[in-house]
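# A closer look at the structure
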Amino acid sequence: MSGERPRETVRELGRIVGYTLGAALILGMYLIVPVLLALQGQVPALGTRMLIAVALLVVVEAPVVGVLVRTTLPGGLARRRRNDRR
Amino acid sequence: MVLLTLLGEIARFLGFITIVLISVVGFRLLFYFRSFFLHSDRYRRRQPVSDDTLRALPALPFLKIQITTRGSPGSTEVVQRGIQSVMQLIAEAPDLYQERVSIEVLTDSVAEKETLEAVFRSGRVAVEGTVVVVPADYQTPHGTQLKARSLHYLVELRRSGFNRKPGRTFIVQYDEESVMRPGELRKLVFYLATVGKPLTEGPIFYPLEYCDATPICRAMEANRPLGCYECREVMEAGVPLHLHGSNLVVDEALVNDIGWDIGTFDGQPFIAEDYVFGVQVLLRYGPEVFGWHGCVMLEQPPFSLKSAFRQRYRWIVGVLQGVAMLPRMAEFHAMPARLRRQLIWGTRYRVATFALGLPTGLFSLLYLLYQGSLLMRSMATQPLPAPLMLWLVLVGYMWLNGLLIGAWYNVSTNDQLSSRGRWLEVTRVLSVAPLAGIAESAAGFWATVNWLSGKRRVSWVTTPKTTPADRTADAGRPA
C-alpha cells in the first residue's frame, strides 16, 4: 500500500516525459523541419540552422503565451478561485 | 535513381496539392488569429465584478436561466450541476439575486421534473425554479421538431404570461451540461445592466468531466475555444455565420417576437436551430442587435470518438440545412446583396474548411514525412519554393497554436488538475494533434459528401453526458 503513491508518481512522470517528447516531435515535424529545409541554401551547417529554427519558434510563441496570460484571469488560477468564492 | 527522382516528383506534386488545401484552411486561421492577437481584450471579461458593484447600478435586469434537456440517461446529474452553480450565486447575496434570477428547466421527462424540483427545494435559500415538461403530443404551428419544438413551447407559455417579470428580462440559454460559475454570472449581470445588446454570446470552454473523455476527444475539444474568437468577431460584426445554442443570451421580448417555430427543411427537422434562429433575428432586426458579452460558460467534451463524430456530423448537416433554407425566405431577398453574399458564402466557406480538413491533414502528414526523409538523408534539395514552405510553416504554427490555446483554456478552468496534470494534458493534446485533426474533420467531410450526394436524412441523438450513458448509447437503437 505504501508503495502505491511513489509508483503512481513515477508513472505520471513517465507520462509527462513521454507526452512532452511527443509534443516536441509534432512541433519539430510541422514547424522545425520545414524551416531547416527552407534555410539550407543560406545556412549550410545543420546545427546553426537548428539554433535559428528553435530561436524563431521561441520568438513567435512569445506573443501567444502573452495573450494566454492576459486572457487567463488576473493573478492566475488561485486568485480566480478566491474571486469566485467571494 | 530513376525511382527516387519519380518519388521526388510525386512528393513535389503532393506538396502543391497540400499548399492549395492548406491555404483554404489557412486563411480562416488567419481570421481567428487576427481576433486572437488584436482583440483578445474583448474575448472574455477579466475584471471581477462584486455584489457591491451590482448594487450600485441604477437598474438590474431579470435573468432567466433556461436549461433545455431531453431527459435522456445521465442528463439529470449534469443538469443539477448547472443549477447548483446558480443556487450558489443566489445564496451568496440573496437580497440581490433572489428577486432577479430564476431557473427554468425545459424537459421531455416527467421523472426528471420530480428530481429537479427536489433539488430546488433542497437549497440553503429559496430559489425560483420551475421545471416545465413538454407534452408528448405538443405540436407547433409549423411542425417544428426536436429541441426547437421544446423551445417554442416555452415561448408560447411566456407569450401567455408564464413567469412574466417587470422590467427588462434576459434568457440565458444553457445546454444540459452547461455551468456558469458565480463570478461569471456576476459579470454577465453587469454586462446586461450596462451594455445589454439584445442577442449576445460568450466563450465556452470544456473542462467538465475532462478526464473521462478519451485523449482524442480531449484534443478534438481543444479546437473549439479558439473558434470562439471567430464567434466574437462575427457577433460584433452582426453577421451570425456561427451561433451556438448555449451561452446565448437573448432579450425575452426579442425571443417572444421571433419564437423558435422554425419549421422543417424538406420534411426533415432542423438540427442547427441556433443557426436558423440567428439568421431569422438578422433578417428581422438587422446586425445591430448582435453582441458579445464575454462571460465564460463551461461544458464537457464528448466521451468517445463515436459521440464526438456524431456531434460534429450533426453540426455540419445542421448548418448546411440552414444555408439551403436561406434562399427560400422572402426576407432574405430583401437584404442588401453584400450581406446576402456574406451570409451564404461565409457559411459555405466555414463548412468547406471543416470538410477539407480531412484531405489537408492526410496530405500534409505524408508531405511532412517526405520532408523529414529529405532532412535525414541530408539532401540539398528544397521540396517547394521557400516562400511556399514558409506559408506552410505559418499555417502549421496557427493550427498547432490553436490547439495549444484551446487545450490551455480547457485545462486552466479545470479545478481538479494540478500544474503537472495541466502540463501533461496540453502536451498530450499536441502529441495526438494530427490524429485528432483527421478525426475532427472526417465527420465534417462525411457530412458534406452525404449532403452533396443527396443523403439528407437527419437523426437526433444527444451527446451522452455521463460515461455509463455513453457506453450504452447505442443499446436499443435500431441498427
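### As for the overall build of chain A
- Check the secondary structure of chain A and you find 3 helices and 0 strands.
- Along its sequence from the N terminus, chain A presents helices and strands in the succession α-α-α.
- For chain A, buried positions account for 38% of its 86 residues.
- Approximately 5,100 Å² of chain A is accessible, and the part contributed by carbon and sulfur atoms is 71%.

### What about the packing of helix H1 (residues 4-38) of chain A against helix H15 (residues 386-412) of chain B?
- At a minimum axis separation of 9 Å, H1(A) and H15(B) run at an interaxial angle of 160 degrees. On the basis of the axis angle, H1(A) is roughly antiparallel to H15(B). The crossing of H1(A) and H15(B) is left-handed. Each of A:Ile26, A:Leu27, A:Tyr30, A:Leu31, A:Pro34, A:Val35, A:Leu37 and A:Ala38 in H1(A) lies in contact with H15(B), whose residues at this interface are B:Met389, B:Leu390, B:Val393, B:Gly396, B:Tyr397, B:Trp399 and B:Leu400.

### Some remarks on the sheet that holds strand S2 (residues 101-107) of chain B
Residue and element names in this part refer to chain B.
- The strand order S3-S2-S1-S4-S7-S5-S10 describes an open sheet built from 7 strands, whose pairing is mixed. Because the sheet does not close on itself, it has two edges, and the strands there are strand S3 (128-133) and strand S10 (290-292). Averaged over all pairs of adjacent strands, the angle between their axes in this sheet comes to 20 degrees, without regard to strand direction.
- By the bridge criterion, 3 bridges tie strand S5 (residues 199-201) to strand S7 (residues 248-251) in an arrangement that is antiparallel. Paired with Thr200 across the strands is Val249, a residue of S7.
- Strands strand S1 (62-68), S2 and strand S4 (169-174) of the sheet are contacted by helix H3 (residues 75-92), whose axis makes an angle of about 170 degrees with S2.

### Here's the deal with a nonpolar patch on the surface
Residues and elements named next belong to chain B.
- Taken together, Leu3, Leu4, Leu6, Leu7 and Ile10 make up a surface patch of nonpolar side chains, about 510 Å² in accessible area.
- The residue Leu3 is located in helix H1 (residues 2-38) in this model.
- Leu3 sits in the exposed class, given a relative accessible area of 61%.

### As for H15(B)
- Taking 1.5 Å as the rise per residue, H15(B) with 27 residues should run 39 Å; its terminal C-alpha atoms sit 38 Å apart, in good agreement.
- Of all 27 residues in H15(B), 20 are buried, a share of seventy percent or more.

### Here we look at helix H2 (residues 46-71) of chain A
- For H2(A), with 26 residues, the first-to-last C-alpha span of 38 Å sits near the 38 Å given by 1.5 Å per residue.
- By the largest-angle criterion, A:Ala62 marks the main kink of H2(A), which is about 25 degrees, and a proline, A:Pro63, follows within four residues.
- Taken together, the buried positions of H2(A) are occupied by A:Arg49, A:Ala53, A:Leu57, A:Glu61, A:Val64, A:Val67, A:Leu68 and A:Thr71.
- Elements in contact with the buried residues of H2(A): H1 of chain A together with H1, helix H9 (224-237), helix H14 (337-376) and H15 of chain B.

### Description of the environment of B:Ser304
Residue and element names in this part refer to chain B.
- Mapped onto the secondary structure, Ser304 falls in the loop between strand S11 (297-298) and helix H12 (305-325).
- Judged by relative accessible area, Ser304 falls into the buried class, the value being 15%.
- For Ser304 and Leu366, which are 62 residues apart along the polypeptide, the C-alpha to C-alpha distance reads 27 Å.
- Once you skip the residues sitting within four places of it in the chain, Ser304 turns out to touch Thr214, Cys217 and Asp470.

### Section: the layout of surface pockets
- Roughly 590 Å³ of volume is contained in the second largest pocket.
- Considering the residues around the second largest pocket, the lining is formed by 24 residues, among which A:Glu61, B:Leu404, B:Trp423, B:Val426 and B:Leu430 are closest to the centre.
- When contributions to the lining of the second largest pocket are tallied by element, the ones reaching two or more residues are H1 and H2 of chain A together with H15 and helix H16 (419-431) of chain B.
- Classifying every residue of the lining of the second largest pocket by side-chain character gives 17 nonpolar, 5 polar and 2 charged.

### Looking at the packing of aromatic side chains
Residue and element names in this part refer to chain B.
- Evaluation of the coordinates by the stated rule reveals 14 aromatic pairs over all chains.
- Where Phe33 meets Phe36, the ring centres are 5.6 Å apart and the plane angle is 65 degrees; that geometry is what we call edge-to-face. Here Phe33 pairs with Phe36, and both are found in helix H1, just 3 residues apart, close to one helical turn. Exposure class is identical for Phe33 and Phe36. Each is buried.
- By the ring-pair criterion, three or more aromatic residues cluster together here, those being Phe33, Phe36, Phe37, Tyr43, Phe205, Tyr229 and Tyr409.
- Over the aromatic face of Trp345 sits the side chain of Arg348, whose NZ or CZ is 4.7 Å from the ring centroid.

Here is what the cut-offs are and how they apply
- Residues numbered from 1 in each chain as written.
- Chains lettered and ligands numbered in written order.
- Predicted model: local features only at pLDDT ≥ 70, side-chain atom pairs only at ≥ 80, totals over all residues.
- Heavy atoms only, no water.
- Helix = DSSP H or I, 4+ residues; strand = E, 2+ residues; numbered from the N terminus.
- Buried < 20%, exposed > 50% of the residue type's maximum accessible area, 1.4 Å probe, protein only.
- Areas by Shrake-Rupley, 256 points an atom, 1.4 Å probe, with all protein chains shown as cover.
- Axes fitted to C-alpha atoms, helices over the stretch in contact; angles between N-to-C directions.
- Parallel < 35°, antiparallel > 145°, perpendicular 65-115°, else oblique.
- Left-handed = near helix turned anticlockwise from the far one by under 90°.
- Contact = heavy atoms within 4.5 Å.
- Pairing = 2+ DSSP bridges.
- Patch = residues over 30% accessible without salt bridge, like charges linked within 9 Å, V, L, I, M, F, W, Y side chains within 5 Å.
- Salt bridge = Lys/Arg side-chain N within 4 Å of Asp/Glu carboxyl O.
- Expected span 1.5 Å × (residues − 1).
- Bend = angle between axes of the 7 residues up to and from the residue.
- 1 Å grid on protein atoms, 1.4 Å probe; cavity = no way out; pocket = protein on both sides within 12 Å on 5 of 7 lines; lining within 4 Å.
- Points joined across faces, edges and corners; volume = space filled by probe spheres on them.
- Nonpolar A, V, L, I, M, F, W, Y, C, P; charged D, E, K, R; others polar.
- Phe/Tyr/Trp six-rings, centres within 6.5 Å; stacked < 30°, edge-to-face > 60°.
- Lys NZ or Arg CZ within 6 Å of the ring centre and 35° of its normal.

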